[in-house]
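# Structural description and commentary
Listed below, chain by chain, are the residues.
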Amino acid sequence: MLAAIDVITWIAVVCGLSFVVLLGIILSPWPRDKHDPRRLDKDVETRLLLREDPDELADELDAEEHGRSSVADIRRDERRSG
């Protein structure tokens, strides 16, 4: 009779530990992709997955970036008076 209680106790302990591990995996704070600063822009990622040339893509992105001007670069007479 003691052997049966011993086996049941071990089964309960293993089940309990398995439950705790499973609960820890589910509730653990996994890193989220949207907070990763190194993540590519969705358009860039899509174009790379579609096998577009990375050099052409980089040239286009550089051209877009140089086409934008910051607020400090705009002359006072070009600003809208609002």
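Below: a short report on this structure.

The rules we used
- Residues numbered from 1 in each chain as written.
- Predicted model: local features only at pLDDT ≥ 70, side-chain atom pairs only at ≥ 80, totals over all residues.
- Heavy atoms only, no water.
- Helix = DSSP H or I, 4+ residues; strand = E, 2+ residues; numbered from the N terminus.
- Buried < 20%, exposed > 50% of the residue type's maximum accessible area, 1.4 Å probe, protein only.
- Patch = residues over 30% accessible without salt bridge, like charges linked within 9 Å, V, L, I, M, F, W, Y side chains within 5 Å.
- Areas by Shrake-Rupley, 256 points an atom, 1.4 Å probe, with all protein chains shown as cover.
- Salt bridge = Lys/Arg side-chain N within 4 Å of Asp/Glu carboxyl O.
- Lys, Arg positive; Asp, Glu negative; His and termini not counted.
- Charge placed at Lys NZ, Arg CZ, Asp CG, Glu CD.

## Considering the overall build of the protein chain
A tally of regular secondary structure across the protein chain gives 3 helices and 0 strands. The burial tally for the protein chain puts 2% of its 82 residues in the buried class.

## Description of a nonpolar patch on the surface
The grouping of F19, V20, L22, L23, I26 and L27 at the surface amounts to a nonpolar patch, some 630 Å² of accessible area in total. Topologically, F19 is positioned in helix α1 (residues 2–27). F19 sits in the exposed class, given a relative accessible area of 52%.

## Considerations on the pattern of salt bridges
Applying the stated criterion across every chain, the model contains 2 salt bridges. One salt bridge connects E52 with R47, and the closest N-O pair in it is separated by 2.9 Å. Notably, a salt bridge pairs R47 with E60, separated by 2.7 Å at the nearest N-O pair. Here R47, found in helix α2 (residues 42–49), pairs with E60, found in helix α3 (residues 54–67); they are 13 residues apart in sequence, far enough to count as distant.

## A word on a negative patch on the surface
Together, D53, D55, E56, D59, D62 and E65 make up a negatively charged patch on the protein surface. Position of D62 among the secondary structure elements: in helix α3.

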